[in-house]
Each structure stands twice: as C-alpha cells, then as structure tokens.
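# Results of the structural survey
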Amino acid sequence: MEKIKEILEKIYDKSIYLLIAVIFIYIGFKLTNYYTKHLQKNKLLKLEPTVKSFIINIINIVIKSILFIIAASIVGIPTTTFFTILGSCGIAIGLALQGGLSNFAGGLMLIIFKPFKQGDYIEVLNNEGTVKNINIFYTTLVTYDNKIIEVPNGSLSNSSIINYTANKKRRLDLEFSTSYNDDIKKVKKIISEIIQKSDYVIDKENVIISLDKMGDSSLIYAVKVWVNTKDYWNAKWYFMENIKLAFDKNHIEIPYPQLDIHQK
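What this report covers is the structure whose coordinates are included nearby. (Residues numbered from 1 in each chain as written. Predicted model: local features only at pLDDT ≥ 70, side-chain atom pairs only at ≥ 80, totals over all residues. Heavy atoms only, no water.)

## Concerning the overall build of the protein chain
Operational definition: The helix and strand labels rest on DSSP assignments: H or I over at least four residues marks a helix, E over at least two residues marks a strand, and numbering proceeds from the N terminus. Throughout this description, buried means an accessible area under 20% of the type-specific maximum (1.4 Å probe, protein chains only), exposed means over 50%, and partly exposed covers the range between. Residues count as neighbours in contact if any of their non-hydrogen atoms are within 4.5 Å of one another. The Shrake-Rupley method, run with a 1.4 Å probe, gives the accessible areas here. Residue values count only the displayed protein chains as cover.
Each helix and strand in the protein chain was counted, giving seven helices and eight strands. Residue burial in the protein chain is summarised as follows: out of 264 residues, 30% are buried. Across the protein chain, every contact between residues at least 6 apart in sequence was considered, and the portion connecting residues at least 24 apart equals 64%. Here the protein chain displays about 18200 Å² of accessible surface, and carbon together with sulfur accounts for 60% of that area.

The structure is reproduced here in structure tokens:
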C-alpha cells in the first residue's frame, strides 16, 4: 500500500511539472510568434523582405528549440541526456531528410547571392510567377492567375533562373508579316509612326524596324523597342493591336500561309 502511495505521489509530482512545462511551451510559442510577426512588420529592421523573412524563420525555429530544451529540464530530463537524444535523432533525421538539408542550404545560397528578391517575376523549372517570399525550405511564387507554387530551394539554387524584372527596362521584340506585293518603305513608315506616337517607348532613337526574313509566303519585319519593365505586356498588346489596325487602314495585306502547286 505504501509503495502504491509513493508511486501515486511521484506521478502527481511529475504531472505538475509536466503541466508547468506544457504551459511554458504554450506561452513561449505565443510570445515567439508575436515577436517574429512584430519583427516582420518592423520598418526599422532595414533588410530586403526576402532576407528578413528568411532570418525571422530561423530565429523562430531557434527560439522554439530552446523553449523545448527548457521545458524538458522542467519535467526533469537532464540537459545532457536531452542533447544526447537530440543529437542521435538529429543524425537519423538528417540522413532521412537529406533533401530538406539541401533545401535549407539552397535557401542560404539564394539569400547570399540574391538572384532575385521579393516582388520579382521569375521563371525556373518550367514554373513562373512573382516571388512572394523565400522560406527556409521553399520559395513561394504567385502566378498571374493567383495560383501558389512552392519551389524547393535546393532545386531552385541549382537551376537556371530567368528574372524578368531585375532591370527597370526591357527590350520588346515583335514580328509582323506582310505580302510580297506591299511596299517595304511604306510598311516600315506605318510601323514607325505608331511607335513614335506611343508613350510606352522610352528610347525612341534606338528603335529598330527592319526586314528580317523573306518567308515562303510573306515578308517578315523585326521590330525592337525599349520599354519600362512594368509596361512590357501592355506595350506588347498595344503595338500588336494598333499596328494591325494601321495595316488594315492602309490596305497592307497580312497573308495566310500558302503553297502554289504547278501541274505539268
């Protein structure tokens, strides 16, 4: 009977410490989340959004790990034992999650070398979208139709990345086809008038309008103009539509692919 009483007392004591540890972790996690959110919104922390987000994620994990260690000591688990178990588990988990470690290392590489930043529009691994944030293991992209793409940092850091918005201006390359019967000088003049009147073009002295190819059924003109990156798509659609309307107005023919067959 005495032994049962001793066992119950020990269980009671342990349960109190366990309850204290749970409450400690709960409050600690709440405070940590509040602190990291405050850091994210803090304008005095003058870091690029991508760097800030990555560092804050690491701070969050480190603080919560420390809280777990303290909670374990409250319950009565010796710190040395805890670290021994944690180290053994860390090795086993590390071997099992080599991809995760690769993603973490990839995230560090992205933060150090900065091939892109938050808000850039990139294309990588057959995916493209605006960079929302760089987390510890994944980078989040948002597509034009508002889909979310999570790209592993390990794959991202080892792939070719196309950054469409890294520079403030981009060259817009267009092609237009006309009939062989249409006057070349007239076609170039019509295209030039549309371009020179447009506010999208930021360097009107370096506009290129040239006959580029003589196709099977049409002459193909290359048009190259410099526009602000933010105006790229609007400028492309504007020129495509207005040059087509100008061709129609001036009776410039845009031929369909055709094949002439001569029978003997």
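## Comments concerning the sheet that holds strand S2 (residues 127-134)
Inclusion rule: Pairing between two strands requires that DSSP report at least two bridges joining them.
The five strands lie next to each other as S4-S3-S2-S1-S5, forming an open sheet whose pairing is antiparallel. At either end of the open sheet lies a strand with only one pairing partner, and these are strand S4 (148-152) and strand S5 (162-163). For strand S1 (residues 121-124) and S5, the ladder comprises two bridges, and the chain directions are antiparallel. Following the sheet pairing, Ile-122 is matched in S5 by Asn-163.

## Looking at the packing of aromatic side chains
Any two aromatic rings considered together are summarised by their centre-to-centre distance and by the angle between their planes. What counts here: Stacked, tilted and edge-to-face pairs are distinguished by plane angle, under 30 degrees for stacked and over 60 for edge-to-face with tilted covering the rest, among Phe, Tyr and Trp rings (Trp via its six-membered ring) whose centres lie within 6.5 Å. Lysine NZ or arginine CZ positioned within 6 Å of the ring centre and within 35 degrees of the ring normal marks a charge as sitting over the ring.
Under the defined criterion, the tally for this structure stands at seven aromatic pairs. Grouping aromatic residues by their ring pairs yields a cluster made of Tyr-121, Tyr-144 and Tyr-164. Its end group placed over the ring of Trp-226, Lys-169 keeps NZ or CZ at 4.9 Å from the ring centre.

## What to know about the environment of Val-151
Relative to the elements of secondary structure, Val-151 occurs in strand S4. Taking the C-alpha atoms as reference points, Val-151 and Thr-140, separated by 11 residues in sequence, lie 6.4 Å from one another. Those residues in contact with Val-151, other than ones at most four positions away along the chain, are Leu-125, Phe-137, Tyr-138, Thr-139, Leu-141 and Leu-156.

## Concerning the environment of Val-227
Inspection of the secondary structure puts Val-227 in strand S8 (residues 219-228). Residue class for Val-227 comes out buried when judged on its relative accessible area of 0%. For the pair Val-227 and Asp-199, spaced 28 residues apart in the sequence, the C-alpha separation amounts to 9.2 Å.

## Side note on the pattern of salt bridges
The line we're drawing: Any Lys or Arg side-chain nitrogen located within 4 Å of an Asp or Glu carboxyl oxygen qualifies as a salt bridge.
The tally for this structure, following the rule as stated, stands at seven salt bridges. The salt bridge involving Lys-213 is made with Glu-175; its shortest N-O contact spans 3.9 Å. Residue Lys-213 is found in strand S7 (residues 208-214), and its partner Glu-175 is found in strand S6 (residues 169-178); the two are separated by 38 residues along the sequence. By relative accessible area, Glu-175 is classed as partly exposed at 47%. Measuring nitrogen to oxygen at the nearest pair gives 2.7 Å for the salt bridge that ties Lys-244 to Asp-248. Highlighted residues: Lys-244 and Asp-248, both in helix H7 (residues 232-249), separated by four residues, approximately one helical turn. Asp-248 sits in the partly exposed class, given a relative accessible area of 39%. When salt bridges that share partners are traced, they join Arg-171, Asp-173 and Lys-224 into one network.

## Details of a nonpolar patch on the surface
To be explicit about the condition: Each patch is built from residues that are more than 30% exposed by relative accessible area and take part in no salt bridge. Like charges join if they lie within 9 Å; nonpolar side chains (Val, Leu, Ile, Met, Phe, Trp, Tyr) join within 5 Å.
A contiguous nonpolar surface patch, about 520 Å² in accessible area, is contributed by Leu-19, Ile-23, Tyr-26, Ile-27 and Leu-31. When you line up the elements, Ile-23 lands in helix H1 (residues 2-41).

## With respect to the sheet that holds S6
Let me state the cut-off plainly: Every axis in this analysis is a line fitted to C-alpha atoms, fitted for helices over the stretch in contact. Angles between the N-to-C directions lie between 0 and 180 degrees.
Here three strands make up an open sheet; going across it, the order is S6-S8-S7 and the pairing antiparallel. Every other strand in the sheet has two partners, leaving S6 and S7 as the edge strands with one partner each. Here the average twist between neighbouring strands, direction ignored, is 25 degrees. Sitting on the sheet, H7 touches S6 and S8, and the angle it makes with S6 is about 25 degrees.

## Here we look at the nonpolar core
Operational definition: Think of a nonpolar core as a cluster: buried Ala, Val, Leu, Ile, Met, Phe, Trp, Tyr and Cys residues, connected wherever their side-chain atoms sit within 4.5 Å.
Ranked by internal contacts, the top residues of the largest apolar core, which has 22 residues, are Leu-172, Ile-191, Ile-195, Val-223, Val-225, Phe-239 and Phe-247. For this core, the element with the highest residue contribution is H7, accounting for six residues. When residues no more than four places from it in sequence are discounted, the contact partners of Val-225 are Arg-170, Arg-171, Leu-172, Ile-195, Val-201, Val-207 and Phe-239. Within the second largest apolar cluster, 12 residues are counted, among which are Phe-54, Val-124, Val-151 and Leu-156.

## What to know about the pairing of S1
Two strands pair when backbone bridges link them, and S1 and S2 are joined in this way by four bridges, in the antiparallel orientation. Paired with Val-124 across the strands is Asn-127, a residue of S2. Following S1, the chain reverses through two residues before pairing antiparallel with S2; Leu-125 in that reversal takes a positive phi of roughly 50 degrees.

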